[in-house]
Amino acid sequence: MNFSERLSFLYALCLNETSNDKSSISTDLQDYDPLEAANYLACYITFKAIREAERSPADERLENFDMLSVYHAYAMLVYAFLMLPLGEEGVVPDTEAAAVIIAKTLFAGLSGEEWAEIIESGSNKFRLIAEARQEHWVDYRQDLDKATVAFVIAGTDEETPFDKDDVIPMFGALLSMLCEAFASD
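Quick summary incoming for the structure in this document.

Cut-offs and rules
- Residues numbered from 1 in each chain as written.
- Predicted model: local features only at pLDDT ≥ 70, side-chain atom pairs only at ≥ 80, totals over all residues.
- Heavy atoms only, no water.
- Helix = DSSP H or I, 4+ residues; strand = E, 2+ residues; numbered from the N terminus.
- Rg over C-alpha atoms; globule rule 2.2 N^0.38 Å.
- Buried < 20%, exposed > 50% of the residue type's maximum accessible area, 1.4 Å probe, protein only.
- Contact = heavy atoms within 4.5 Å.
- Areas by Shrake-Rupley, 256 points an atom, 1.4 Å probe, with all protein chains shown as cover.
- Lys, Arg positive; Asp, Glu negative; His and termini not counted.
- Charge placed at Lys NZ, Arg CZ, Asp CG, Glu CD.
- Salt bridge = Lys/Arg side-chain N within 4 Å of Asp/Glu carboxyl O.
- 1 Å grid on protein atoms, 1.4 Å probe; cavity = no way out; pocket = protein on both sides within 12 Å on 5 of 7 lines; lining within 4 Å.
- Points joined across faces, edges and corners; volume = space filled by probe spheres on them.
- Nonpolar A, V, L, I, M, F, W, Y, C, P; charged D, E, K, R; others polar.
- Axes fitted to C-alpha atoms, helices over the stretch in contact; angles between N-to-C directions.
- Parallel < 35°, antiparallel > 145°, perpendicular 65-115°, else oblique.
- Left-handed = near helix turned anticlockwise from the far one by under 90°.
- Core = buried A, V, L, I, M, F, W, Y, C linked by side-chain atoms within 4.5 Å.

**Looking at the overall build of the chain**
Argument step 1. The secondary structure content of the chain amounts to 8 helices and 0 strands.
Argument step 2. Each helix and strand of the chain, placed in order from N terminus to C terminus, yields the pattern α-α-α-α-α-α-α-α.
Argument step 3. For the chain, the C-alpha radius of gyration of 16 Å lies close to 16 Å, the compact-globule estimate for 185 residues.
Argument step 4. If one aligns the C-alpha atoms of the chain with their principal axes, the spans along those axes are about 45 × 35 × 30 Å.
Argument step 5. Within the chain, the fraction of its 185 residues that count as buried is 45%.
Argument step 6. In the chain, the proportion of contacts linking residues at least 24 apart, taken out of those at least 6 apart, comes to 71%.
Argument step 7. As presented, the chain carries roughly 9700 Å² of accessible surface, and 50% of it is formed by carbon and sulfur atoms.
Argument step 8. Taken as two groups, the 13 positive and 34 negative side-chain charges of the chain have centres that lie 3 Å from each other.

**Comments concerning the side chain of Arg-6**
Argument step 1. With respect to the secondary-structure elements, Arg-6 resides in helix H1 (residues 3–18).
Argument step 2. The buried charged residue Arg-6 lacks any salt bridge, with Asp-157 as its nearest oppositely charged partner at 4.4 Å.

**A short note on the layout of surface pockets**
Argument step 1. Roughly 260 Å³ of internal volume is contained in the largest pocket.
Argument step 2. What lines the largest pocket is a set of 17 residues, and nearest its centre among them are Met-76, Tyr-79, Ala-80, Thr-95 and Phe-126.
Argument step 3. Broken down by secondary-structure element, the contributors of at least two residues to the lining of the largest pocket are helix H4 (66–87), helix H5 (95–106) and helix H6 (112–131).
Argument step 4. Among the elements that take part in the lining of the largest pocket, H4 stands out by supplying 8 residues, more than any other.
Argument step 5. The residue makeup of the lining of the largest pocket, split by class, is 10 nonpolar, 5 polar and 2 charged.

**Brief notes about unusual backbone geometry**
Argument step 1. At Glu-54, a residue that is not glycine, the phi angle is positive and equals roughly 55°.
Argument step 2. A relative accessible area of 73% places Glu-54 in the exposed class.

**Looking at the packing of helix H2 (residues 34–52) against H5**
Argument step 1. Two elements in contact, H2 and H5, have axes separated by 10 Å at closest approach and are oriented at 40°. When the axis of H2 is compared with that of H5, the two are oblique. Seen along the crossing, H2 lies across H5 with a hand that is right-handed. Two secondary-structure elements touch here, H2 through Asn-39, Ala-42, Cys-43, Thr-46 and Phe-47 and H5 through Ala-98, Ile-101, Ile-102, Thr-105 and Leu-106.
Argument step 2. Residue composition of the contact of H2 with H5, by class: 7 nonpolar, 3 polar and no charged.

**Examining the environment of Leu-178**
Argument step 1. Tracing the backbone through its elements, the reader meets Leu-178 in helix H8 (residues 168–183).
Argument step 2. A sequence separation of 14 residues divides Leu-178 from Lys-164, and the C-alpha atoms of the two residues are 21 Å apart.
Argument step 3. With residues near it in sequence (within four places) discarded, Leu-178 still touches Val-70, Tyr-74, Ile-129, Trp-137 and Tyr-140.

**Re the pattern of salt bridges**
Any two side chains of opposite charge can pair, so long as their charged atoms come close to each other.
Argument step 1. Counting across every chain of the model gives 6 salt bridges.
Argument step 2. As a salt-bridge pair, Lys-164 and Asp-165 come within 3.6 Å of each other at their nearest N and O atoms.
Argument step 3. For Asp-165, a relative accessible area of 39% translates into the label partly exposed.

**Quick look at the nonpolar core**
Argument step 1. Ranked by size, the top nonpolar core spans 60 residues in total, and within it Leu-7, Tyr-74, Leu-144 and Phe-171 carry the most contacts.
Argument step 2. Mapped onto this core, the elements with two or more residues apiece are H1, H2, H4, H5, H6, helix H7 (135–156) and H8.
Argument step 3. Broken down by element, this core gets its largest block of residues, 14 residues, from H4.

**A few points about the side chain of His-72**
Argument step 1. Its place among the elements puts His-72 in helix H4.
Argument step 2. For His-72, a relative accessible area of 0% corresponds to the buried category.
Argument step 3. What His-72 contacts, discounting residues up to four positions off in sequence, is Ala-99, Ile-102, Ala-103, Leu-106, Phe-107, Ile-118, Ile-119, Gly-122 and Ser-123.

Below you can see the structure in the form of structure tokens.
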């Protein structure tokens, strides 16, 4: 199974897990575009990480709005690590569209101005992290990349010694680290 097939399969599994209408879930992997899968899984992982880190975006919207852009940057990092292996298969990411989809999914119900602010600030944070040469940021990117790949493999390979849910605490810890890094600025 190549990586795009794994993403599509995991997308279908996660949709089935979260859907109230199981009959609407297709069993044909061709119905699950790898780009859509990456968008969905970046949000899915971020939602799980937020819950695992015991964060409250609703409260932070009122008390610390900039923290929402940290969640957006985190989701975009996950998206980037989901997309990296797809480059070898000739699948090209649409990062601008993904940024909007991720913001609207993570923060449904916010205004267009709020989404624009989250996307702009999150994109700046994403670039800072992606371009940083300091050892702790290099290690952070590597750890998030490994966790993302481990999640995909665990969710699509029955022979792994762990389940995808076993990786969620790592995502929560990595999100907490990112929140702390930007809270201290």
